[in-house]
Every structure is written in C-alpha cells, then in structure tokens.
Amino acid sequence: MSALPILESIDLVKNFGALSVTDKVSLSVFFGELHALIGPNGAGKSTLINLITGELEVNSGSIYFEQKLINSFSVASRSRLGISRAYQVPQLFPSMTVADHLIMAEIAASGSGFKMWAKRANLNNLGHVQQNILDQVGLIHMASKPTALLAHGQKRQLELAICLASGAKLLILDEPLAGLGPAESAQMIKLLHSLKCSYGILLVEHDMEAVFSLADRISVLVNGSIIATGSPELIKSDPIVKSAYLGDELESH
Amino acid sequence: MMLHNIMNSAANKSNRLTIAFGIIFILAILIPLLDQVYYTKLVSRILVFAIAAVSLDLIVGFVGRVSLGHAAFFGIGVYSAGVSAHFGVTQIWVVIPTAILVSAVIGCFIGSISLRTSGLYFIFITLAFSQMIFFIAQGLRMFGGDDGFTLPAATKWIDGFDLSQPKILAYTMIVILVFIVYIAHRLMNSNFGLIILASRDNSRKVNSMGLRPYPYQLTLFTISASMCALGGVGFANLNEYVSPASISWIQSGEFLFMVILGSAGTLLGPILGAAAFVCLEQIFSAWTEYWMFYLGIILILRVLFLKTGLLGLFQNRGSH
Amino acid sequence: MDITIGLFIEQIFNGLQLGMILFLMAVGVTLTFGVMNLINLAHGSMLMVGAFLIAFTTSQIKSFGLAIFLAMILVFLLSWVIEKVLVKQLYQKSHLDQVLASFGLSIVFNDAVIMIWGKDPLFINLPTWLEGPVQITADFSYPLYRLVITAVAIAAGIVLWFLLTKTRLGMQIRAGAEKREMIGALGVNINFLFTSVFAMSALLAALAGIMLGPMLSVQTGMGDPLLILSLAVVVIGGIGSLKGALYAALLVGLVDTLGRMLWPNMLGPLVGNIISNAAIYILMALVIAIRPTGLLGRKMG
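Keep in mind that what you see is a predicted model, and the values were worked out from it rather than measured.

Colleague: I'm lost on the sheet that holds strand S6 (residues 83–86) of chain A in this one. Help?
Modeller: By definition, the strands of a sheet pair up through backbone hydrogen bonds, in either a parallel or an antiparallel sense. Residue and element names in this part refer to chain A. With mixed pairing, the six strands of this open sheet are ordered in space as S6-S7-S8-S3-S9-S10. Two strands bound the open sheet, and with one partner strand each, they are S6 and strand S10 (225–230). Strand-to-strand, the axes of this sheet are offset by a mean angle of 15 degrees, without reference to chain direction. Across the sheet, helix H1 (residues 45–53) is in contact with strand S3 (34–38), S6, strand S7 (170–174), strand S8 (200–204) and strand S9 (217–222); its angle to S7 comes to roughly 155 degrees.

Colleague: I tried to follow the sheet that holds strand S2 (residues 19–29) of chain A on my own but got confused; where do I start?
Modeller: Residue and element names in this part refer to chain A. Spatially, four strands are ordered S2-S1-S4-S5 in an open sheet, and the strand pairing comes out antiparallel. Edge positions in the sheet fall to S2 and strand S5 (68–69), since each has one partner strand and no second. Strand direction decides the pairing type here: strand S1 (residues 7–16) and S2, joined by eight bridges, are antiparallel. Residue pairing across strands places Glu8 opposite Ser28, the latter belonging to S2. Against the sheet, H1 contacts S1, S2 and strand S4 (60–65), and its axis sits at roughly 60 degrees relative to S2.

Colleague: I tried to follow the pairing of S7(A) on my own but got confused; where do I start?
Modeller: In regular strands, side chains alternate between the two faces of the sheet. Residues and elements named next belong to chain A. The buried count for S7 comes to five of five residues, which makes it a mostly enclosed element. Bridge analysis of S6 against S7 gives four bridges, and the strand direction is parallel. Bridged to Arg85 within S7 is Ile172. Two strands pair when backbone bridges link them, and S7 and S8 are joined in this way by five bridges, in the parallel orientation. Considered in S8, the bridge of Leu171 is made with Ile201. The parallel pair S7 and S8, bridged by helix H6 (residues 182–195), forms a crossover whose chirality is right-handed.

Colleague: I'm lost on the interface of chain B and chain C in this one. Help?
Modeller: Where interface size is given, it is often the accessible area lost as the parts come together that is meant. Counting from both sides, the interface comprises 36 residues of chain B and, opposite them, 36 residues of chain C. Among the secondary structure elements, those contributing two or more residues to the side of chain B that touches chain C are helix H5 (119–139), helix H9 (249–262) and helix H11 (291–305) of chain B. The greatest single-element share of the side of chain B that touches chain C, amounting to 15 residues, is contributed by H5(B). Here the residues of the side of chain B that touches chain C are counted per class, giving 27 nonpolar, seven polar and two charged.

Colleague: What is the right way to read unusual backbone geometry from this model?
Modeller: All names here are of chain A. Despite not being glycine, Glu66 has its phi angle at roughly 50 degrees, a positive value. Mapped onto the elements, Glu66 comes out in the loop between S4 and S5. The residue Glu175 is not glycine, and still its phi comes out positive at about 50 degrees.

Colleague: What's the story with the arrangement of the chains in this structure? I'm lost.
Modeller: Where the two pairs of chains in contact are concerned, the greatest contact count is recorded for chains B and C. At their nearest point, the C-alpha atoms of chain A and chain C are still 17 Å apart, with no contact between the two.

Colleague: What am I meant to see in the environment of Ile271(B) here?
Modeller: Residues and elements named next belong to chain B. Within the secondary structure, Ile271 sits in helix H10 (residues 269–287). A C-alpha to C-alpha distance of 4.7 Å links Ile271 and Ala50, two positions 221 residues apart in sequence. Excluding residues within four positions of it along the chain, Ile271 makes contact with Phe21, Ile24, Ala50, Ala53, Val54 and Gly262.

Colleague: I would appreciate a short explanation of the environment of Tyr294(B) in the present structure.
Modeller: Within the secondary structure, Tyr294(B) is located in helix H11. Here the alpha-carbon distance between Tyr294(B) and Phe284(B), two residues 10 residues apart in the chain, equals 7.1 Å.

Colleague: For this particular structure, what's the right way to read the interface of chain A and chain B?
Modeller: With 32 residues of chain A in contact, the opposing surface of chain B contributes 23 residues. Tallying contributions element by element places helix H3 (residues 98–110) of chain A first for the side of chain A that touches chain B, with seven residues. When the residues that make up the side of chain A that touches chain B are grouped by side-chain class, the tally is 19 nonpolar, seven polar and six charged.

The rules we used
- By convention here, each chain's residues receive numbers from 1 onward along its written sequence.
- Chains and ligands are labelled sequentially in the order written, the chains with letters from A and the ligands with numbers from 1.
- For this predicted model, a pLDDT threshold of at least 70 governs which residues receive local features, and a threshold of 80 or more governs which side-chain atom pairs are given and counted, while totals over whole chains, interfaces and linings are taken from all residues.
- Pairing between strands is defined by DSSP: at least two bridges between the two strands are required.
- Each helix corresponds to a stretch of at least 4 residues labelled H or I by DSSP, and each strand to a stretch of at least 2 residues labelled E; elements are numbered beginning at the N terminus.
- Convention adopted: a line fitted to C-alpha atoms gives each axis, helices being fitted over their contacting stretch, and angles between N-to-C directions are expressed from 0 to 180 degrees.
- Two residues form a contact once the distance between their C-beta atoms, set from the backbone, is within 7 Å.
- Three exposure classes are used. Buried residues have 20 or more other C-beta atoms within 10 Å of their own C-beta, exposed residues have 12 or fewer, and partly exposed residues fall in between, all C-beta atoms being placed from the backbone.
- Handedness is read with the strands pointing away from the viewer; a crossover is right-handed when the path from the first strand over the helix to the second is clockwise.
- Residue type decides the class: Asp, Glu, Lys and Arg count as charged, Ala, Val, Leu, Ile, Met, Phe, Trp, Tyr, Cys and Pro as nonpolar, and the leftover types, Gly among them, as polar.

Listed below in structure tokens is the structure:
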C-alpha cells in the first residue's frame, strides 16, 4: 500500500435543516486497501457516500482524491477521475442488454461518446476486457439478455461489473451483499477478495462476517460521526463500538 | 418462456416495422408514376409530415422528452423557402443549407435552455419558445403577417426541374426522408446513440459513469431541429404558400400525434404514423367537413386504448 | 400614438381586468395540476364552451341573470360527464398521454361548436343596464361592463377563497395541491375530490368565457390563446400555488396590456408588435430557466 491515501475526507459536515446528518467525518482509503464502513441504519452512511461521489454538496469539510481537492467537482467529473460507485439498488438501463452496459462503461471511460457515425461495439465484437469482466462476475452467459430478465443477484453482479469496466481506481460499494443467497454471497465475497490488489475499496455492509473477513480497516459510523476506526481485531474488541453497535451482533457470530 | 416472448416481440416488431416501411417506400415511388396530381401530392404530404415526425421522435422517443414546440422548426423551413424565393434565391443547393443552418442555430439556442428542464416544464418551455417564433412570423408585415404570402417561386434543382412539379417534389422528399432516416439510424447505433438511450433510461447512472447527458442531448436536439426544417421546405413548396399557421401549437400537437400513432422510439414508426394521419385526414375530410372532430376522437381513443401505437395493432400472442 | 394619462389609466384598468380573467383560468390549471397531476390542454375549450353557451341561453331567455345561471349549470354537467368518461382514465397516464388526449379533446370541441352553431362568430347583446360608460373622473370614463367583469372575477375569487379556506373540501384541495402525497393520508374520497376539482376548474374557465363572450366575438378556438397564456401564468406563479396564480395573473395582465401600449412606442411598430405578443412567453421561458419553481411554487418532483 502506498503512503498516501487515494481518498481522504476531512471533517465533512452535512446538515439537513437543524439535523447534522454528517458530523465532522474524517475517513481515508488507501489503494490496495478494503476499508469497510459499518453502522446502524440511519447512521448516515448513504449521505456520506453521496457526499463523496458528489450527489450531495458538503456544508463544510474537504474531500481529496489522489491529493486533489474535489469539493467543487461534479458527479461526472469525479467519476472520470477514477471514483466508481455501485449503488445499493442497482442502477441499470432497462432497455439495454447486459453487454450494452459494459460497452457504455467503456465509452464513458475512453471518452469516445461523440463518435456519432461508426457502429458501436456489440455482443459479437465485445472487447476482451469486457468479456473478462463479465466472466469475473459470472455473467458471461447472460451477455445478450435484456436487464429485465436478470435476477436480483445478477443485477448486483452487473452493477459491480460496470464499476470494473470503468477503469476506476476507487470503488465505492454500497451493500453489495444485500439480498443475496448464501451461494451468491460466497461468490461475491470471493470476487471482492480478488479485487483488493487492483483498487482502493470503500465498502458499506451489514454482513459482519463478510466485513471481518474482507476488511483491512473498519470505520464505525453512528449518528453521523465516526466513533472508531481500526483493524478488524481492534474494532471487534472496542467496548464503545460494542455498546453502540456491535454488541449482541458479535455474540451471535 | 417469458424470454422467448420478449425476444420474439422485439424481433417481430422490428420486422413488421421494416415491412411496413418497405411497403410505404415502394408506394411512394410508384404512385407518382401514375401521373395523378392529387395522389402524388398526397404522397408528398405524407413524406413532408414523416420527415417532421421522425425528427420529433428523436426527442420524444430517444431523448425521452415531449416537445410541444417542433412546429417552430418546421416553420423555419417553410419561411426559409419563402423568404429566399422572395429575394430571388430558389436553388435547392442554397435553400436547404439555409434552412438547416437557421434551424440549427435557433434549435441549439432553444435546446440549450429547454434541456435544462424535463417533464412538464420541458413541455411548457418548448411551447413558449415556439409561440415566440410564431409571433415573430406573425409580426413580419412585409411577409404577409398573420395571413402569410404565396410562395413567389418554387425551390428548384435546375431550371425546368423544380418542386412545383408534383413528381419532382415527391421524389425530392423521398430522398430527404431516406437521408434523415439513415442519419438517424447511424446516430442511434453509434456510441453517441447508446449514451442518448442510457440517459433516457437512467440519467443519474450516466452521470455516475462519468458522462453528462446534456451535451449529447443538445447535439441531438439541434440535429432534430434541422431535420424538421427540411420538412418545412417541402411543405412550403407543396402548398405554394408560407404562413405562420405552420408554426402553431396545433401543428406541434399534430406532429406529436403522428409520433404516438406510429410508436415513439422506433424511427420508422412515425413514418407509419404520418401516413395514417394524412390518410385519416383525407378520409374524414372527404366524408365530412368536421374531420378535425373525428381525428380528435381517434387521438383520444388511441391514448386510452392502444398501448404501443399502430405496430401494437399487429402484435398478438402474449407479448405487449 | 400619444400616451396620455387617461390612456395609461385605462390600460391599467384593462390590465387588471385581463389579469382577473387569467386568474380564473390559471386557478383551474394550477389546481388540476397540483391535486391530480393532470395537464389539460382542453381547458381553453371550457372557456369557449362557456361563451357559446351564454350566447345560446341569452338567445333563448330574456333574463340575463337566468341565462348565466343556466349556462353555468350546463357547463357543470358537461364537465362532470367529461371527468367521469375521459379524464378519470388519464390520472395514471404519462404527461405525454395527457397532452395528447386533452389536445384531442380540444380539437373535438373546436369542431363541435362549429357543428352546432356554424362557422360564423356569434355576438351577444348585453342587457342595457350593463352597457355604457362609467364616469370615474371628470375626463376619464371606463366601460361599465368591464368594471362589472372585474368585480365578478374578484367576487369569484373571494368565493373561491372562502371555499378553500373555510370548508372541509376546500382544505383537502389545498392540502392536495401543495402536497399531493398527503391526499391518501387524509382519508378522503379521492374520486369525489378529483371530480370536484375538475368541475370547479371548468366552471371558472366557463365563467371567464361567459364574461368575455359579449366583449369578444364568440368563435371556435377563442379559448386557446388564453389557455396558453394561463399556462404561462401558472409557470410564472408556481405550479400548485394559488397565491402565485393570483400575483402572476395580475402581473401578466398588466405587463401584457401595458406592454402593448409601450413596446411599439419604444421599439417601433415592427419590433414593438412582435415583442408585445412574445413578451409573456419570453418571461415564461426566463422563469423556467432561472427559477423553475416560479414565484411561489413548490419544487416539482
């Protein structure tokens, strides 16, 4: 892991009216690291993600990507810098096929959107990179299918595949395991393990077993503030964390 | 099984579409050869409206917004032909680029503002802009104001071959229609087209993937405006008249009607819709002077009962 | 054209009067959109129908007042039927479908009035007690009828205000107009609410038509320019806001009327006339571009 973080947020604040939803949050992610963000529902995890990706504007605080201040960057610009997000509810294109989604990702990544005359890539001449990614997530056999035919788990896989096809450096994954059965979960966890060396990953998850197995560091978000950051062992044994969040959850594991 | 139905219906729809277009194309070529002025002009009327409807479909079906102001661009084409002729310019090699250029500039301006809105506001703002253009045309006293003026001279290819001759007009319009359908087809099958479709489906995701839909939509809007203007040039020559009526919101509504009648988002569908519209127009007006009444009823029925346009009529078996 | 004080004052009166008429139209638009999420391009047809019906009833009945009453009843019945048969199906449909269906309805009405009453414009004779000028000051007089119209529109506004603030139905309508999601929670009879709102908006438009009838020539399509102007009013005032509709209507009425007097003076006849006609739409486009929620409207979902 390099010395400087790929993503760093310093004292981020977001208020909705009188309510402080994000309360001086400082967080960093290194390339090659998987940093998990956990916390009870309503803690402000989604808001924090939206602040990082740019869908929400911060009230105060700074966000740095590769040491560049990105507060004023739009969602699209941040994505072009190398931030890629997998939404909690997969955001797909209903009228397009699975392959089209990756072709779209490639067009976005290569900036070739204004090619208006040449026929675009399709299923039959899908690039190697895209084919490999579909293989990686286990969707290669569904490449020609329209999104309407995908099962929930497969939509998740596609959502992740789009991130992988975008040439990103930082992945922000919002509950990629939610709603997956045991077999699919195991598959996804295996995949996430394999991604660690190629990306910096910010993972929001509720599945504690997966979190403890995958994470290099864990941050615990409660009521808009980070109450603890550290290695999984540290977090597991932290009394504050136990009482605020983990408590019984840990006992049952 | 569901997969089978969906794949079938998509292929079926596309096939039926191509067949329908093929039939219309052949008829459009053959009918003028019969040397019946009425029918040849009817073909031209269908083609002129088809050009406008296809251009509107790019916005309604592909960008996914309802423009109630496309008559403005149609009218720019009409006035391009008329005003040029007024100043003695009738060569088609000049009139057409003029229409394209003026409508592109105005279309780009209107689009740059309108595309910042969506839904209802997009409907309202495109309506507002076309009203402004309507009033500008109406205010041009030297060009007949509200009454308009007779086209001084037909747009011509070369001396002796001009658009006042029904056959020449019809074949010119066929060429233009095929031209714009081809361009639209290539656009929609390129990288650019995928971005347009993706933006229609989920613009939030497009942004999250690193692209802003706006520049692409604006480009397409400008192209759509220019295409619509070409229809206007044909219209001016067909009626041998130039008037603000071609810019009214009623005209914009009729274009929308044609797009929906034929199925939005299919490029060839609106051609079918334009043909159906003109045929209904002719049938009803031959039968009664209150043809708008019956056309209106058809439109209401279409909205209430038919899900997917005329092509839906020919679909059966489970798919919808 | 010389602009005298007298002319100026007369145009202000005219502007306020136009504003009140636009207000009657705009209320209907903003309520149907606010409560039912319905865009209705046949709203202008209601104005036209009102005008034709008053022409009809005054030709059949001696008493002007009774004629008005009868015309309103007929409009009420007509709007009831339209809502039950057609409009009801549109609530769940897309805006495009609503635009097309209501557009279709408006061209049906435009021809229907020709089918019934012929192509020639109709003229309505005012009873003598409504004719003639009123002397406001020594050198300024204003047509009595125009004053009456303004007064009636203001009265209608007051009745509306009373209805909306003091009755249960009214409060449901206001709640629904501002926050449509609340309607379900209010435990309201939705069908009755929607039909009432539609009928009310039709009545207001018809009232505008009834009052304008004697002033304009009653002919097909007469309501359409006012429909589009009322769309501009609603956009400027903010969709869903009744106060916005009032302020914007008065603003538009004044700007339009005074503009027609001033622009040609300032910019010459050609440009001046064009700007006179286009001014409100320019304002509408500016509002949408800069402040889409209008003066007082709520954010659009």
